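Working through the structure, step by step
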Amino acid sequence: MSTQIVRPARTLQGSLTLPGDKSISHRYGMLAGIAAGTTRLVNFSTGADPHSTLGCMEALGAIVEKGERGTVTVTGTGGVFTAPSAPLDCGNSGSTMRMLSGLIAPHAGTYTLIGDESLTPRPMERIRKPLSMMGAEMHLTEGHAPITIHGRPLKAIDFDTPIPSAQVKTAVLFAGFQADGTTTLSEAIRTRDHSEHALKAFGATLTRTGDRLAIPGGQRLTAIPELVVPGDLSSAAFFLCAALLFEDSNLVLDSLGMNPTRSALLDVIVALGGKIKVLNVEEHNGEMIGTIQVNRAPGGLKSVDITGALSAQLIDELPVIAAIAPYTTGGIRIRDAKELRIKESDRIALVAKNLKAMGAQFTEFEDGLDIPGNQTLHGATIDSGLDHRIAMAFSIAALRATSDTEIDGAEAAAVSFPEFFAQLETLCPR
Ligand code: S3P
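Residues numbered from 1 in each chain as written. Predicted model: local features only at pLDDT ≥ 70, side-chain atom pairs only at ≥ 80, totals over all residues. Heavy atoms only, no water.

With that settled, the discussion passes to the overall build of the chain. Counting secondary structure elements, the chain contains 13 helices and 23 strands. In terms of overall dimensions, the chain is globule-like: its C-alpha atoms have a radius of gyration of 21 Å, near the 22 Å expected for 430 residues. C-alpha atoms of the chain, sized along the principal axes, occupy 60 × 45 × 45 Å. Burial analysis of the chain (430 residues in total) assigns 59% to the buried set. For the chain, the proportion of contacts with a sequence separation of at least 24, taken over those separated by at least 6, is 75%. (Helix = DSSP H or I, 4+ residues; strand = E, 2+ residues; numbered from the N terminus. Rg over C-alpha atoms; globule rule 2.2 N^0.38 Å. Buried < 20%, exposed > 50% of the residue type's maximum accessible area, 1.4 Å probe, protein only. Contact = heavy atoms within 4.5 Å.)

Okay, here's the thing in structure tokens:
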């Protein structure tokens, strides 16, 4: 396990281009892998998780060539997968395991999906249920991985997602476009819509009426010559929150993904006292890509309450929002975020453990945390739990601590953002 020392900083200044979005890279990698023809993906994520997806697509018969600076060329299987003799290794990636299960369930053959120690115990019944309603034969191990799928033709269903999960929605859509009949799906809380845009980019028909999506079955996807992956807003979140910690900070992020179903963090930044200037925005295949400049408004950071649908929309950003909460004036209250307990780690428990190690006061709930403001934190040894977002979140809290902080298991950052510590160093002159 590697340790990273993070020293207190004076300011945060600079401009950056973030590596490609993890969620979008998974979807483009999977759909390019099943489409007919060759797709060139530009600015593909450098994180280990989307590369687990590419490894699985290769094992299923796609040809994947990795080029310079995040360029990946994928020649798809033209709608047919070959069942590999070895298990499909999803690594640390819940997105790979859940979304890929939907994509492969209609394909003849037996497929086994495995993951690492963190992924293995994570709940998979949430995808087995809708996929088995469609006729899939899918066996879990006590509700989790290893998963065995005996592929067979599927039929369309009408499904209402009981939990807000873009991965569950995607598993159903990815099975649905290959099923017999039109699958419909509604979500009580609207989650990230990258799959909807990606399916359309690869030529699929998909409609939305009110809050119900409809995807006809029997569709074949076609490669597109080039697809650009926007910069990852969830990775940017660490630097955006860090920019709030210093009065004279100035951060410019370009080619950043600004999909409205992902950008609730920008509203939180403004509510806390950040100033965001959008310098330009363009649309690429349904995804918004833009350049933003972030400063901190004069005065202390205010407070914010994150509950209900907002908690679901901010699910990946909550650890870093919690990590800066003690430095606000009014504190931050996070509730309705029980899903955080079943991510790569129990993120509520680990945030609590590490806030405590740094000397912060807070109250922990089953579904969130209340963290008062106006607190001074000291450096500490942080337990990342080998969870990438915990390692990075507490590196940001460390910037305003009164002494050095040691991040144990810092290498976990590479799951989504291998460049994190190097980029943080360039932004924070000391
Ligand atoms: C993701 C959806 C979210 C998120 C994960 C990526 C996706 O998970 O936490 O990091 O790409 O669809 P859930 O669908 O489990 O909420």
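Sequence positions flagged by UniProt for "domain: Enolpyruvate transferase" (unreviewed entry) are, in local numbering, residues 7-424. Secondary structure over residues 7-424 splits into 30% helix and 26% strand, and the C-alpha atoms at its two ends are 11 Å apart. (UniProt positions renumbered as here; feature names shortened; annotations may be inferred.)

Here the structure, examined in full by the defined rule, presents 24 salt bridges. Of the charged contacts, one joins R212 and D160 as a salt bridge, the two residues approaching to 2.4 Å between their closest N and O atoms. One end of the pair, R212, is in strand 13 (residues 212-216); the other, D160, is in strand 10 (residues 158-161), and 52 residues separate them in sequence. Of the residues examined, D160 reaches a relative accessible area of 49% and is grouped as partly exposed. Two residues, D232 and R262, come together in a salt bridge whose shortest N-O distance is 3.5 Å. Residue D232 is located in the loop between strand 14 (226-228) and helix 7 (233-243), and its partner R262 is located in the loop between strand 15 (250-257) and helix 8 (264-272); the two are separated by 30 residues in the primary sequence. The two residues D232 and R262 agree in class, both being buried. Because the salt bridges share partners, they merge into one network encompassing R122, E344, R347 and D387. (Salt bridge = Lys/Arg side-chain N within 4 Å of Asp/Glu carboxyl O.)

Time to look at unusual backbone geometry. Put simply, A145 and P146 share a cis peptide bond, and its omega is -10°. Structurally, P146 is set in strand 9 (residues 144-151). Despite not being glycine, S255 has its phi angle at roughly 50°, a positive value. Checked against the element boundaries, S255 lands in strand 15.

Taking strand neighbours across the sheet as the criterion, the 4 strands line up as 18-19-21-20 in an open arrangement whose pairing is mixed. Both outer strands of the open sheet, strand 18 (304-306) and strand 20 (363-365), are each paired with one neighbouring strand and no more. The average angle at which neighbouring strand axes cross in this sheet is 10°, direction not considered. Pairing analysis gives 3 bridges linking strand 18 to strand 19 (residues 332-334), with the strands arranged parallel. Paired with V304 across the two strands is I332, which belongs to strand 19. Here helix 11 (residues 347-357) sits on the sheet in contact with strand 20 and strand 21 (368-371), set at roughly 25° to strand 21. (Pairing = 2+ DSSP bridges. Axes fitted to C-alpha atoms, helices over the stretch in contact; angles between N-to-C directions.)

Now for the domain arrangement of the chain. If you check the domain split of the chain, you get domain 1 (3-20 + 230-427) and domain 2 (22-211). Each of domain 1 and domain 2 has a C-alpha centre, and these two points are 28 Å apart. Taking both sides of the interface into account, the surface hidden between domain 1 and domain 2 amounts to around 2,200 Å²; carbon and sulfur atoms contribute 47%. Remark: the boundary between domain 1 and domain 2 carries 3 salt bridges. One salt bridge connects D316 with R192, and the closest N-O pair in it is separated by 3.1 Å. (Domains from an automatic or database assignment. Buried area = accessible area lost by both parts, 1.4 Å probe.)

This part covers the sheet that holds strand 22 (residues 381-383). The strand order across the open sheet formed by 3 strands is 1-23-22, and the pairing between neighbours is mixed. Two strands lie at the open edges of the sheet, namely strand 1 (3-6) and strand 22, each paired on one side alone. Each neighbouring strand pair of the sheet contributes to a mean axis angle of 25°, computed without reference to strand direction. Pairing of strand 22 with strand 23 (residues 405-408) involves 3 bridges; the strand directions are parallel. Residue I382 lies in a different strand from strand 23, and its bridge partner there is I407.

Moving on to helix 7. Summarising burial for helix 7: 11 of the 11 residues are buried, a large majority. Listed in full, the buried residues belonging to helix 7 are L233, S234, S235, A236, A237, F238, F239, L240, C241, A242 and A243. If you check the start of helix 7, you find a side-chain oxygen 2.8 Å away from the backbone N of S234, and it comes from D232. (Polar contact = N/O pair within 3.5 Å; in protein donor to acceptor, adjacent residues only side chain to side chain.)

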